[in-house]
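Understanding the architecture of this molecule
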Amino acid sequence: MDWFQIPFLLGKPVWSEPYYDKGGGEVMMCTYSKPVIGPDGKMKAVITSDVSLERLTRHVETIHPYPNSYATLVSAKGSPLADGKPKGTSLKESMVGIVGKADNGWVITLNCPVTNIIADSRRLVSRIMIFSAVGLGLIFALAWFFTKRLEKQEQETSRIRSELAIGSEIQMGMLDRRFPPFLHAALKPAREVGGDFYDFFEKGDRLYFAVGDVSGKGVPSALITFAASSAFRFAADLGLSASELTSRMNGLLSRHNEKSMFMTFFVGVFDRRTGTLDWCNAGHNPPVLVAADGTAEFLKVKRNIVLGAMEDFPYRAETRVFQPGERLVLYSDGITEAETIDHQQYGNERMCRFCSEHAGSPAGDFVSDLFASVDDFAGAAEQFDDQTALVLDFNASSSLVVEAKPENMAKIAAFVEENLLRSGCPASVLPKMMVATDEIAGNVISYSGSPEVRLDFACEGRPASMRLSFIDHGKPWNPLEHADPDTTLAAEDRPIGGLGIMIVKKLATRVDYRREDGQNIFSLEMKV
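Below or above, wherever it landed, is the structure these notes cover. (Residues numbered from 1 in each chain as written. Predicted model: local features only at pLDDT ≥ 70, side-chain atom pairs only at ≥ 80, totals over all residues. Heavy atoms only, no water.)

Time to look at the environment of Met434. Tracing the sequence through the fold places Met434 in helix α11 (residues 430–447). Residue class for Met434 comes out partly exposed when judged on its relative accessible area of 21%. When the C-alpha positions of Met434 and Leu420 are compared, they lie 9.4 Å apart, and in sequence the two are 14 residues distant. Excluding residues within four positions of it along the chain, Met434 makes contact with Ala413, Val416, Glu417 and Leu420. (Helix = DSSP H or I, 4+ residues; strand = E, 2+ residues; numbered from the N terminus. Buried < 20%, exposed > 50% of the residue type's maximum accessible area, 1.4 Å probe, protein only. Contact = heavy atoms within 4.5 Å.)

Taken in spatial order, the 5 strands make up an open sheet running β10-β11-β12-β13-β16, and their pairing is antiparallel. Since the sheet does not close on itself, it has two edges, and those belong to β10 (196–203) and β16 (318–321), each with one partner. In this sheet, adjacent strand axes meet at a mean angle of 15 degrees when their direction is disregarded. With 8 bridges connecting them, β10 and strand β11 (residues 206–214) associate as antiparallel partners. From the neighbouring strand, Glu202 faces β11, where its bridge partner is Leu207. Contacts from helix α6 (residues 242–254) reach β11, β12 (263–271) and β13 (276–282) within the one sheet, and its direction differs from that of β12 by about 150 degrees. (Pairing = 2+ DSSP bridges. Axes fitted to C-alpha atoms, helices over the stretch in contact; angles between N-to-C directions.)

Further remarks concern the pairing of β13. The element β13 is extensively covered by neighbouring structure, given that 6 of its 7 residues are classed as buried. Here 6 bridges tie β12 to β13, and the two strands are oriented antiparallel to one another. Looking at β13, one finds that Phe270 is bridged to Leu277. Pairing of β13 with β16, which is carried by 4 bridges, proceeds in the antiparallel orientation.

Moving on to the packing of aromatic side chains. Under the definition given, this model contains 9 aromatic pairs. Arranged with centres 6.3 Å apart and planes meeting at 15 degrees, the rings of Phe197 and Phe265 form a pair that is stacked. Linking Phe197 in strand β10 with Phe265 in strand β12, this pair joins segments that are 68 residues apart in sequence. Judged by relative accessible area, which is 0%, Phe265 ranks as buried. Here a set of aromatic residues connected by ring pairs shows up, and it is made of Phe270, Phe322 and Phe394. Seen from the ring of Tyr346, Arg350 lies directly overhead, with NZ or CZ sitting 5.6 Å from the centre. (Phe/Tyr/Trp six-rings, centres within 6.5 Å; stacked < 30°, edge-to-face > 60°. Lys NZ or Arg CZ within 6 Å of the ring centre and 35° of its normal.)

The next point concerns the pattern of salt bridges. Inspection of the entire model under this criterion finds 15 salt bridges. The partner of Asp393 in a salt bridge is Arg327, and the shortest N-O contact between them spans 2.6 Å. Pair noted here: Asp393 is in strand β18 (residues 387–393) and Arg327 is in strand β17 (residues 327–331), with a separation of 66 residues, a long-range link. The structure contains a network of salt bridges with shared partners spanning Arg467, Arg510, Asp512 and Glu525. (Salt bridge = Lys/Arg side-chain N within 4 Å of Asp/Glu carboxyl O.)

By the secondary structure assignment, Val329 is in strand β17. Each C-alpha atom, one on Val329 and one on Cys355, is 8.0 Å from the other, the two residues being 26 residues apart in sequence. Look past the residues within four positions of Val329 in its chain and what remains in contact with it is Pro287, Val288, Val290, Met351, Cys355, Phe366, Leu390 and Val391.

Right, dumping it as structure tokens:
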């Protein structure tokens, strides 16, 4: 009963995903569930309201601000709520998706041909030029008229600045900032709107991420980034490989590219389960690879041509298995080509040195410190190009679920040993982790009463840390709440029990236990 459990757990109103009300209204509906909180601060009930989507769909179908444009509405989890796309609409022309997000997570996207929007920009520029020409032509002949015209032009400029500011808010608002713990990115445009972009998309065990840089600056470049970001997410959701995704985006940008605007592009598809990265580089700067020991060097990549130059170009991808503790740093040339007043560049050498010196910083701090380093270097010089950085830390993780039976102890031991070896666990740590695994798994199987046990393994952080969690649905048991046995006493004089847990606590860097959602969660961590 998600309509009850989710608002109960979150303590706030929740909209459900759309569903077909079979046997009821026979229409697509959503349910709004709101918890009722009593005077004592505890939840007393959940009130629900079923809402038909037919009226909403009809309203979305009426939204057509541009010729051939249409709107779509999806839920917070990506389920379609309403689609205003007319039947028979051709998708041959490049489309721009402009996104707005409601408080409940629903997203409305306005899909419009790029040529329509660029046409408005051209008309706007032409209008400004006409006004300027008229003002200059009459400045010496009619001072009063010139003054009035200047006032009107200032109003028009103010309106343009306002529209550009809104465009900047839209562009920055489209950037996903809900980063997973192993990834962080940031973009700093040189103008109100820019031609750089980054994006990432998680699909199962695979993480898609990309950084791009459109030629030129301003509104036209920003429009291309809108199209590129929408195309990237669409292709990633299809599960395409890095080369297939790059070819798909190149085809989109090559068609209807009368202004010859190009984009450098780097896309990676990272399998978090195996540590394998499949990437394709379309004329972008080579990333910096930071090893677990902090040494940094530029990743050797094949440089395919930029997107938008040749529609049928055969893009080649590359593959590498990354090790836990390694870091990949993607960036745009606005960082390495940032200049001081006397035209000295930040440069590749300084970039590589920064990555090495800050290898131990968390991804978010690393990106912030990188931008601060570039700003300090440039000093009073004006930023002339957009700056973008994306950092990805490679950590190993996997899970195992088995029945809580003694005969499965061998499976548990094999799972832990395989992950430790794959993560580069030192020989000094491996036997300690295996002893701790045998003790905790044996306790869960023998005493918890749970039908099954789940193990979550993770190798994460800088420096690397091996973390193993045992999760079961049995009766509450906290092995850490008992005092350690007195080992100074003879074995026959000590109470039975507690010795194994004491050994685990001495072997591990850290142990902890918590009871959460009816589950026992016991975790141990060993620093490498």
